[in-house]
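# Structure at a glance
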Amino acid sequence: MIRAIEDAGHKVMPFQFNDLIAFIDYDGVKIKVGDVDLMRDASAIIVRPFGRMSLDQAIFRIDLLYTLNDSGIPIFNKPYAIERCVDKFRALCTLKMHGIPVPKTIVTEKPNTAFKNLEFLKSKKIVLKPMFGSKGHGSTRININERDVLWEVLHTIGFTKHTIYMQEYLKHGGRDIRAFVLGNRILAAMHRKAPKGMWKTNIAQGAIPKRIEKLEPELEEIALKSTEILGCEIAGIDMVIVGESPYVLEVNSQPGWKGLQSVVTDMDIAMEIAKYIIEKAKK
Ligand SMILES: Nc1ncnc2c1ncn2[C@@H]1O[C@H](COP(=O)(O)OP(=O)(O)O)[C@@H](O)[C@H]1O
Ligand SMILES: [Mg+2]
């Protein structure tokens, strides 16, 4: 990303969220990184993955983005889009309420309540995920007949004060679709094939990418609509197909593209993103 923006003739200043300092003064607000006053000096901000953090940090970071956004700096993605997408519950509810197909899901705080409602999922296997997770880390699949294991896992989640987020297991055969959306077009798409016997199709979990030359119109429409519903301009949409039916698993608001770039040889993805951002940057 840095290389692409520099190649396009612009300056880049990478920084971490914890490099930022907010000043609330008598005459206004400033957000600075060293001597750089972002509200005065930045013409656009690109947000890369937040990583793991405390709730305090997450809220502060989103607040910083809102403040910068309110001051008129174009931010990619917009804070409200990031906020919706990183929260898997909020994202899935919003998608479903706009008619996007998503897996049957139960979200609740109490392990006993979750346990009592398992049948709702109508699935032989259950997927449990951290509500604020990524790269397949921390999710687990459990057979519904293993009641004692399920009981223990649900109570462990409750014990650590986490919210229970569980879904029907969609039989995708170890293969999913990642569509990369920029603006209102599909930039590129790929299949991700999990290693034999594995069910998580994240590249970080060892899945192998394979380019999709042309996404089916139905999937294209679902990916573009999902991106728009959540307010993203840059997004990685994870979809699976079971039988003939597509489902959206999640929309990534800070997607990586290393795996995708490795199978897309005729396009510089970073440069496409750079051009899009430069076009929309504060002049
Ligand atoms: N309900 C589900 N049924 C089957 N596989 C799933 C389900 N949810 C997630 N997966 C698998 O796990 C991967 C990671 O899940 P996802 O919801 O995309 O979270 P993240 O990528 O943020 O960890 C998916 O790409 C998919 O391969
Ligand atoms: Mg994913």
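Remember, it's a predicted structure, so these values are computed and weren't measured experimentally.

### What to know about the overall build of the protein chain
Scanning the protein chain for helices and strands turns up 10 helices and 14 strands. For 283 residues, the compact-globule estimate of 2.2 N^0.38 gives 19 Å, and the C-alpha radius of gyration of the protein chain, at 20 Å, lies within 12% of that figure. Its C-alpha atoms give the protein chain principal-axis dimensions of roughly 60 × 50 × 30 Å. Classification of the 283 residues of the protein chain by burial places 46% in the buried group.

### Concerning the side chain of T201
Relative to the helices and strands, T201 is located in the loop between β11 (185–193) and β12 (208–212). Here the side chain of T201 touches D176 through a polar contact of 2.8 Å, side chain to side chain.

### Thoughts on the domain arrangement of the protein chain
Domain parsing of the protein chain yields domain 1 (2–83), domain 2 (105–168) and domain 3 (172–278). Each of domain 2 and domain 3 has a C-alpha centre, and these two points are 26 Å apart. Every contact between the two is made by nine residues of domain 2 and, on the other side, six residues of domain 3. Across the domain 2 to domain 3 interface the summed buried area is about 670 Å²; carbon plus sulfur atoms make up 49%. A per-residue breakdown of the area domain 2 buries against domain 3 is headed by K135, G136 and R141, which together make up 52% of the total. The interface formed by domain 2 and domain 3 contains zero salt bridges. Class assignment for the residues of the side of domain 2 that touches domain 3 results in one nonpolar, five polar and three charged.

### Digging into the coordination of the magnesium ion (ligand 2)
Every protein donor of the magnesium ion (ligand 2) is listed here as D238 (OD) and E250 (OE), and their distances to the metal cover 2.0 to 2.1 Å. You can see D238 sitting in strand β13 (residues 234–242) and its partner E250 sitting in strand β14 (residues 245–252), a full 12 residues away along the chain. Using a relative accessible area of 3% as the deciding quantity, one classes D238 as buried. Take E250: its relative accessible area is 15%, and that puts it in the buried class.

### So, the environment of K225
Mapped onto the elements of the fold, K225 is located in helix α8 (residues 217–230). Take K225: its relative accessible area is 35%, and that puts it in the partly exposed class. Between the alpha carbons of K225 and I59 there is a distance of 27 Å; along the sequence they are 166 residues apart. Aside from chain neighbours lying at most four places away, what touches K225 is H98 and I100.

### Remarks on the site of ligand 1
Around ligand 1 sit 21 residues, and of these K88, K129, G136, T201 and N202 come closest. Between ligand 1 and T201, the relevant distance is 2.5 Å, taken from an oxygen atom to a side-chain nitrogen or oxygen of the residue. Interatomic distance of 3.1 Å between a side-chain N/O atom of D238 and an oxygen atom of ligand 1. Summarising the interface, the protein chains cover 99% of the accessible area of ligand 1, which totals 540 Å² for the free molecule. Contributions of two or more residues to the shell around ligand 1 are made by β9 (164–168) and β14. Classifying every residue of the shell around ligand 1 gives five nonpolar, seven polar and nine charged. In terms of domain composition, the shell around ligand 1 takes at least three residues from each of domain 2 (105–168) and domain 3 (172–278).

### Comments concerning the packing of helix α5 (residues 88–97) against α8
In contact at an axis separation of 10 Å, α5 and α8 are set at 115 degrees when each is read in the N-to-C sense. The interaxial crossing formed by α5 with α8 has right-handed handedness. Of the residues in α8, those in contact with A91, T94 and L95 of α5 are S226, I229 and L230. Along the lines of polarity and charge, the residues of the contact of α5 with α8 split into four nonpolar, two polar and no charged.

Conventions adopted
Residues numbered from 1 in each chain as written. Chains lettered and ligands numbered in written order. Predicted model: local features only at pLDDT ≥ 70, side-chain atom pairs only at ≥ 80, totals over all residues. Heavy atoms only, no water. Helix = DSSP H or I, 4+ residues; strand = E, 2+ residues; numbered from the N terminus. Rg over C-alpha atoms; globule rule 2.2 N^0.38 Å. Buried < 20%, exposed > 50% of the residue type's maximum accessible area, 1.4 Å probe, protein only. Polar contact = N/O pair within 3.5 Å; in protein donor to acceptor, adjacent residues only side chain to side chain. Domains from an automatic or database assignment. Contact = heavy atoms within 4.5 Å. Buried area = accessible area lost by both parts, 1.4 Å probe. Salt bridge = Lys/Arg side-chain N within 4 Å of Asp/Glu carboxyl O. Nonpolar A, V, L, I, M, F, W, Y, C, P; charged D, E, K, R; others polar. Donors = N, O, S within 2.8 Å, 3.2 Å for Na, K, Ca; no water. Near = heavy atom within 4 Å. Areas by Shrake-Rupley, 256 points an atom, 1.4 Å probe, with all protein chains shown as cover. Axes fitted to C-alpha atoms, helices over the stretch in contact; angles between N-to-C directions. Left-handed = near helix turned anticlockwise from the far one by under 90°.

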